[in-house]
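The lines below spell out each chain.
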Amino acid sequence: MSGYQQRLYRQRVPLFWWLSRRSYFAFVVRELTSLAVVWFVVYLLWLVWAVGSGPTAYQRFLDRSAEPWLVAINVVALAFAIYHTVTWFAVTPQAMVLRVRRRRLPGQAIAGALYLAWLAVSAVLVWFVVIK
Amino acid sequence: MPEEITLRVSRYRPETDAGPTFQEYAVPLREDWAVLDALNYVKDEVDPTLAYRWSCRMGICGSCGMTVNGEPRLTCGTFLVDHAPGPIQVEPLRNFPVIRDLVIEMTDFMHKLGSIQPWIIRDESADDASVELLQTPSEMDEYRRYSMCINCMLCYSACPVYGLDSKFIGPAAIALAQRYNLDSRDEGAADRLTVLSEDEGVWACTFVGECTRACPKGVDPAGAIQRAKLVAANEAVKAFLLPKWARG
């Protein structure tokens, strides 16, 4: 044993590390906006419960939903959910390797398919809610 | 008198300093000089006590990774003129303990690299030793990108997950595990999966994606990790549902 003792300097991650870079901040926002998705699940369950509990409960649900504060929450949550969706669509091609006839599909094709699926589901919902 | 640029270099002398401080050096601003050339100039002409690692000067050895103006970079490929008029701040790689000045302690990474067995694992008893194991170009394309890793650790420096919890096995180790898992000659994927599928393995990654942006060799560790997650999840479901003989 030599008398030499290594004295390492341990670098510390700053408390607000996620503010130190744009990409870190975008990542944290992407993760936190998942709460908006949770909110819509809760909201949907509330709707199902109201429908199941009869006309009065359903009317109360509709009245509540028309109140400005709940409309505001839903508008903000929708914006967050869209951000969450778009950012995940953007990184999906990096995580997914799909092959057609042994050729790897380009990233734009995978992201494009996701946007098409989104569009198709939205069109079906619009048809149900608005047209029918 | 040639034009000059200032380097603000992080200094840490463990025998005297409690923590790092900055020291400024004026170096010639030459068009063909990278930050590493400037550090070599300082070491040779100005201050021989400055400590840093380097070797090949051509982006192959992976020794000269440092934090340049806040970004993890290979200093041999980061040119002074791109950061003119300066000053250029040079610090050790983030997320690692510092031994001295710009030299970091990398034992942790070396252990992690070894744990994924980055070599071809294969039962060679049926192989004919006189015949090469051939591979088609498309089989090679499966792993080629991941094989470009030079172990420079810039991805660990860029990764906030590793910074917050150094138990995470980290981007390069997982990319290198995938490099061998996807090799048609390799049979070690199941061995490596036991390491990769732990909590500190692929599941610690939250897909920040910064490792891929930091990589100087275009390896895409973030993509490799997500693909490894898919394999780990598939295997877990198979292990739950299927008898051993049917798992394949």
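Above this text you will find the structure in question.
Residues numbered from 1 in each chain as written. Chains lettered and ligands numbered in written order. Predicted model: local features only at pLDDT ≥ 70, side-chain atom pairs only at ≥ 80, totals over all residues.

Moving on, we get to the overall build of chain A. Scanning chain A from terminus to terminus reveals 5 helices and 2 strands. The helix and strand sequence of chain A, counted from the amino end, reads α-α-α-α-β-β-α. Whereas a compact globule of 132 residues would reach a radius of gyration of roughly 14 Å, chain A reaches 23 Å, over 25% beyond that. Structurally, chain A occupies a C-alpha span of about 85 × 45 × 25 Å along its principal axes. Counting over 132 residues, chain A shows a buried share of 4%. Considering only contacts in chain A between residues 6 or more positions apart, those separated by 24 or more positions represent 41%. (Helix = DSSP H or I, 4+ residues; strand = E, 2+ residues; numbered from the N terminus. Rg over C-alpha atoms; globule rule 2.2 N^0.38 Å. Buried ≥ 20, exposed ≤ 12 C-beta atoms within 10 Å, placed from the backbone. Contact = placed C-beta atoms within 7 Å.)

Here we come to the environment of F207(B). Summarising the element assignment, F207(B) is placed in the loop between α7 (189-196) and α8 (210-214). Spatially, the C-alpha atoms of F207(B) and R30(B) are 39 Å apart, while their sequence positions differ by 177 residues. Other than its neighbours up to four places away in sequence, F207(B) contacts V91(A), A222(B) and Q226(B).

Counting 64 residues, the largest nonpolar core has V35(B), C155(B), I174(B) and L176(B) as the members making the most contacts within it. For this core, the element with the most residues is helix α6 (residues 171-181) of chain B, which contributes 7 residues. (Core = buried A, V, L, I, M, F, W, Y, C linked by C-beta atoms within 7 Å.)

A separate point is the interface of chain B and chain A. Interfaces are often sized by the amount of accessible area the parts lose when they come together. On the side of chain A, 17 residues touch chain B, which itself brings 24 residues to the contact. Broken down by secondary-structure element, the contributors of at least two residues to the side of chain B that touches chain A are β6 (98-100), α5 (160-164), α8 and α9 (221-241) of chain B. Here the side of chain B that touches chain A takes 4 residues from α9(B), the largest share from any one element. Partitioned by chemical class, the residues of the side of chain B that touches chain A number 11 nonpolar, 8 polar and 5 charged. (Nonpolar A, V, L, I, M, F, W, Y, C, P; charged D, E, K, R; others polar.)

The next subject is the sheet that holds strand β5 (residues 88-91) of chain B. Residue and element names in this part refer to chain B. Within the open sheet, the 5 strands sit side by side as β2-β1-β5-β3-β4. Their pairing is mixed. In the strand order of this sheet, the two ends are held by β2 (21-28) and β4 (71-74), each with one partner. Adjacent strand axes in the sheet meet at a mean angle of 35 degrees when their direction is disregarded. With 8 bridges joining them, strand β1 (residues 4-11) and β2 adopt antiparallel strand pairing. Each bridged residue has a counterpart across the sheet, and for T6 the counterpart in β2 is A26. Docked against the sheet, helix α1 (residues 35-46) engages β1, β2, β3 (65-68) and β5, running at close to 95 degrees with respect to β2. (Pairing = 2+ DSSP bridges. Axes fitted to C-alpha atoms, helices over the stretch in contact; angles between N-to-C directions.)

Take unusual backbone geometry next. Residues and elements named next belong to chain B. For the bond running from A84 to P85, omega is 5 degrees, close enough to zero to count as cis. By the element assignment, P85 lies in the loop between β4 and β5. The omega angle of the peptide bond from G86 to P87 is 0 degrees, so this bond is cis rather than trans. Considering the arrangement of structural elements, one finds P87 in the loop between β4 and β5. With phi around 75 degrees, N95 is a residue other than glycine that occupies positive phi space. Following the sequence through the fold, N95 ends up in the loop between β5 and β6. Positive phi, normally seen in glycine, also occurs at Q117, with a value near 50 degrees. Mapped onto the elements of the fold, Q117 is located in the loop between α2 (107-115) and α3 (137-144). Q117 gets classed as partly exposed once you count the C-beta atoms within 10 Å, which come to 16.

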